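# Summary of structural features
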Amino acid sequence: MGEGGCCPSMDLFRSEPMQLVQLIIPIESAHQTVSYLGDLGLLQFKDLNAEKSPFQRTYASQIKRCGEMARKLRFFKEQMMKAGVLPSARPMSRADIDMDDLEIKLGELEAELIEINSNSEKLQRAYSELVEYKLVLHKAGEFFYSARSNATAQQREIEARQVGEGSLDSPLLLEQEMSSDPAKQVKLGFVSGLVPRDKLMAFERILFRATRGNVFIKQAMVEEPVTDPVSGEKVEKNVFLVFYSGERAKAKILKICDAFGANRYPFTEELGRQAQMITEVSGRISELKTTIDLGLMHRDNLLKTIGSQFEQWNLLVRKEKSVYHTLNMLSIDVTKKCLVAEGWSPVFATNQIQDALQRASFDSNSQVGAVFQVLHTKESPPTYFRTNKFTTAFQEIVDAYGVAKYQEANPGLYTIVTFPFLFAVMFGDWGHGICLLLATLYFIIREKKLSSQKLGDITEMTFGGRYVIMMMSLFSIYTGLIYNEFFSVPFELFGRSAYDCRSDSCSDTTTWGLIKVRDTYPFGVDPKWHGTRSELPFLNSLKMKMSILLGVAQMNLGIILSYFNAKFFKNSVNVWFQFVPQMIFLNSLFGYLSLLIIVKWCTGSKADLYHVMIYMFLSPTDDLGENQLFTGQKTLQLVLLLLALVAVPWMLLPKPFLLKKQHEERHRGESYELLHSTDDSVSVEVNHDSHGHGHEEFEFSEVFVHQLIHTIEFVLGAVSNTASYLRLWALSLAHSELSSVFYEKVLLLAWGFNNVIILIVGIIVFIFATVGVLLVMETLSAFLHALRLHWVEFQNKFYEGDGYKFSPFSFALIGDEDE
């Protein structure tokens, strides 16, 4: 929805007059024309090639080309995000970049970046392998050095024991040991490497089972996580040495190492060779580190170069792709020299579209200008409301229910006032309203900065509705002043209370014993009446009766708007047999109840309105007695009851018969027209009959049943909808009670302990409860109930909402989603 229109009132009441236009565009200026119309954003193209698949259309190859460039740009964006390089936004000039040059440049940059990444991956893998190899050399070297030391110590101990503790058996055993055949001794082999620590236990268990325990395993923990050469991720590993005997055992060990992702590295038992290998590996690690750093520096410089122009390239490619998508919706002339376009545009945009066509012809050096003409059609046009940043959110609230039919009365105009006001009736507390207003002002003051940032889902939703929330908070402050509630506490803001206690026994929680000692409190509810629970629950009664008054007023507004719709679309049947009986029925019952409420307030009568309304139906002729509020009330009730009873058959019976009569007259008129028509008109009428054959027969029973359902729905809805407005009272009471509980049971209770720590804790709990429950949950609850009152109780009286939104081709509406 475009942001325009300085005065939202008339723009929002009826949608903009629309027209179906046809454009005949020369081939040479087609691209430029569509591009300028995309900048203008006031023409919704119709797809004239709906029967063709995307691959059969004229500009399929160009779209494929743009898609390939978009894929390269997405690749660049991913690489920049990984490297932490942010693209810089600069204003774009159309003459800066040519699409052919851009395609070549993007290809070269992609190839260069892929080569750099490939080389970097190879170098990084080699570097990680060398780091792991160095760890194996250190840890395995420690194994062998420790084993040699232990063997030497044990040999010395045995020799010392043999010399010092000789016996008759010792020489024979020693001789037997020394005389063993060296050829029969078995030489053990070993496999060394690293295995992930989380797989170590399973690794050892499988090795033991596969070799039937004929292996010896040594392992040592590596203190710091190492980069795995295969996955490139940091992994905690252990160095292992597996000693085995025989080639079959070796083959099994190698297979198990591969299955567990254990990286194997060669190792020598010679001490001198070990030191030499450690030195060589350390030198190669240092060289690779230098090479990798230089490669990363070159890659970062390349990504920064891409980032400096990324937004320009991305915007250009997205615009180019959208232009060719639009061109594919146009039909090509038989001469293949022109493209024919059809689309909807607002009437006020005619001159702007024609100017764009002339500029496109001039800039593309076309010898022939584009042709603009208005077509006459019976198609229903799209709905377009000119909104601004203030009215957009209110219009979206209505559109979420359903888009208005073309030039149907729009509830969005009234929603600007009624929605925040009904919210405030439920949320009324000027302390909470101020908190809500301060939070909203943050979004409004910083809207330029925040509108260019990507926000989270909830934050973005809140930011989009910032002006709705601002109006809700302002109305909440107003109704809070009316209720005289500041975090549920009353104040004497506009003067002293008009009442005072008759004696010292007068309590703050009751009005028993209060006497009026001065003038009436000038604005809102008197502080003494706030919170009364027993004899005179004035504030509670005020909210309940005010809910009924507001509900009846809004439902009457809805019926009046149905009258304006009927008059606008020249539907006299609905005027006399829908609007009039609905107004009579609603106001005979609930309009009269509203009148009684107002009279009771003005006169201070003690009449029981429940009794009056109930016995108006049960015993309409009985005397009212003490429940009579004015002279002639009984007669008025009889007249209103009679009108309500007459209104029901008035809604039900005449309309189906009148519709049948209109259909017969229309059908008779069409038959006469066929006899006197020319050949052209005959063909048109035949086509009309062929398309509308399903509507030729008038099904009176279906129309009557539909009208019966509509009548029952309205009669029952008048009762249920009026009762539904009592949610205004219920939510307001709940909000006030919750606020009072937090104030009395948390803040005042903590204050009563005379302890600083308890007071601080109480204040913190009070703040979190107020913010979490009253400013978040209660705000959402009141918002949803106000939404329901508008969608169901108000809009169902007049709003069909079966239209479709005007969706022009506009570069401003191009999304950045990956395709």
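Everything that follows concerns the structure shown earlier in this document.
Cut-offs and rules
Residues numbered from 1 in each chain as written. Predicted model: local features only at pLDDT ≥ 70, side-chain atom pairs only at ≥ 80, totals over all residues. Heavy atoms only, no water. Helix = DSSP H or I, 4+ residues; strand = E, 2+ residues; numbered from the N terminus. Buried < 20%, exposed > 50% of the residue type's maximum accessible area, 1.4 Å probe, protein only. Contact = heavy atoms within 4.5 Å. Areas by Shrake-Rupley, 256 points an atom, 1.4 Å probe, with all protein chains shown as cover. 1 Å grid on protein atoms, 1.4 Å probe; cavity = no way out; pocket = protein on both sides within 12 Å on 5 of 7 lines; lining within 4 Å. Points joined across faces, edges and corners; volume = space filled by probe spheres on them. Nonpolar A, V, L, I, M, F, W, Y, C, P; charged D, E, K, R; others polar. Axes fitted to C-alpha atoms, helices over the stretch in contact; angles between N-to-C directions. Parallel < 35°, antiparallel > 145°, perpendicular 65-115°, else oblique. Polar contact = N/O pair within 3.5 Å; in protein donor to acceptor, adjacent residues only side chain to side chain. Phe/Tyr/Trp six-rings, centres within 6.5 Å; stacked < 30°, edge-to-face > 60°. Lys NZ or Arg CZ within 6 Å of the ring centre and 35° of its normal. Salt bridge = Lys/Arg side-chain N within 4 Å of Asp/Glu carboxyl O.

The next subject is the overall build of the protein. Counting secondary structure elements, the protein contains 24 helices and 13 strands. In the protein, which comprises 819 residues, the share counted as buried stands at 41%. Counting only contacts in the protein whose residues sit at least 6 apart along the sequence, the fraction spanning at least 24 positions is 81%. Total accessible area on the protein is roughly 46000 Å²; 60% of this is exposed by carbon and sulfur atoms.

What follows is about the layout of surface pockets. By volume, the largest pocket amounts to about 1400 Å³. If you go around the largest pocket, you meet 41 residues; those closest to its centre are Phe538, Ser541, Lys545, Lys600 and Trp601. Mapped by element, the contributors of at least two residues to the lining of the largest pocket are α16 (538-568), α17 (572-603), α18 (609-618) and α22 (700-724). Here the element with the most residues in the lining of the largest pocket is α16; it accounts for seven residues. Residues that form the lining of the largest pocket fall into these classes: 28 nonpolar, seven polar and six charged.

What follows covers the packing of helix α10 (residues 392-399) against helix α15 (residues 466-483). The description of two packed helices rests on the angle between their axes and on the distance between the axes. Packing of α10 against α15 leaves a shortest axis separation of 7 Å and a crossing angle of 95°. Here α10 lies roughly perpendicular to α15, going by the angle between them. Seen from α10, the contacting residues are Ala393, Phe394 and Ile397; seen from α15, they are Tyr467, Val468 and Met471. In terms of residue class, the contact of α10 with α15 is made up of six nonpolar, no polar and no charged.

Residue placement: Ser724 occurs in helix α22. Residue class for Ser724 comes out buried when judged on its relative accessible area of 9%. At 2.8 Å, the side chain of Ser724 forms a polar contact with the side chain of Arg727. What Ser724 contacts, discounting residues up to four positions off in sequence, is Arg788, Leu789 and Glu793.

Here the focus is the packing of aromatic side chains. Evaluation of the coordinates by the stated rule reveals 36 aromatic pairs. Three or more aromatic residues joined by ring pairs form one cluster here, namely Tyr401, Trp791, Phe794, Phe798 and Tyr799. In this arrangement the basic side chain of Lys543 is found over the ring face of Tyr483, its NZ or CZ atom lying 4.4 Å from the centre. A cation sits over an aromatic face here: Lys660 above Phe700, 5.5 Å from the ring centre.

A few words now on the pattern of salt bridges. Evaluation of the coordinates by the stated rule reveals 21 salt bridges. When the shortest N-O distance is used, the salt bridge between Glu129 and Arg125 registers 3.6 Å. Placement of the pair is Glu129 and Arg125 together in helix α4 (residues 99-164), with a separation of four residues, close to one helical turn. The partner of Lys237 in a salt bridge is Glu132, with the nearest N and O atoms 2.7 Å apart. On the criterion of sequence distance, the pair formed by Lys237 in strand β7 (residues 237-244) and Glu132 in helix α4 is long-range, its members being 105 residues apart. Comparing Lys237 with Glu132, the two get one shared label, buried. Through salt bridges with shared partners, a single network forms among Arg65, Asp100 and Glu103.

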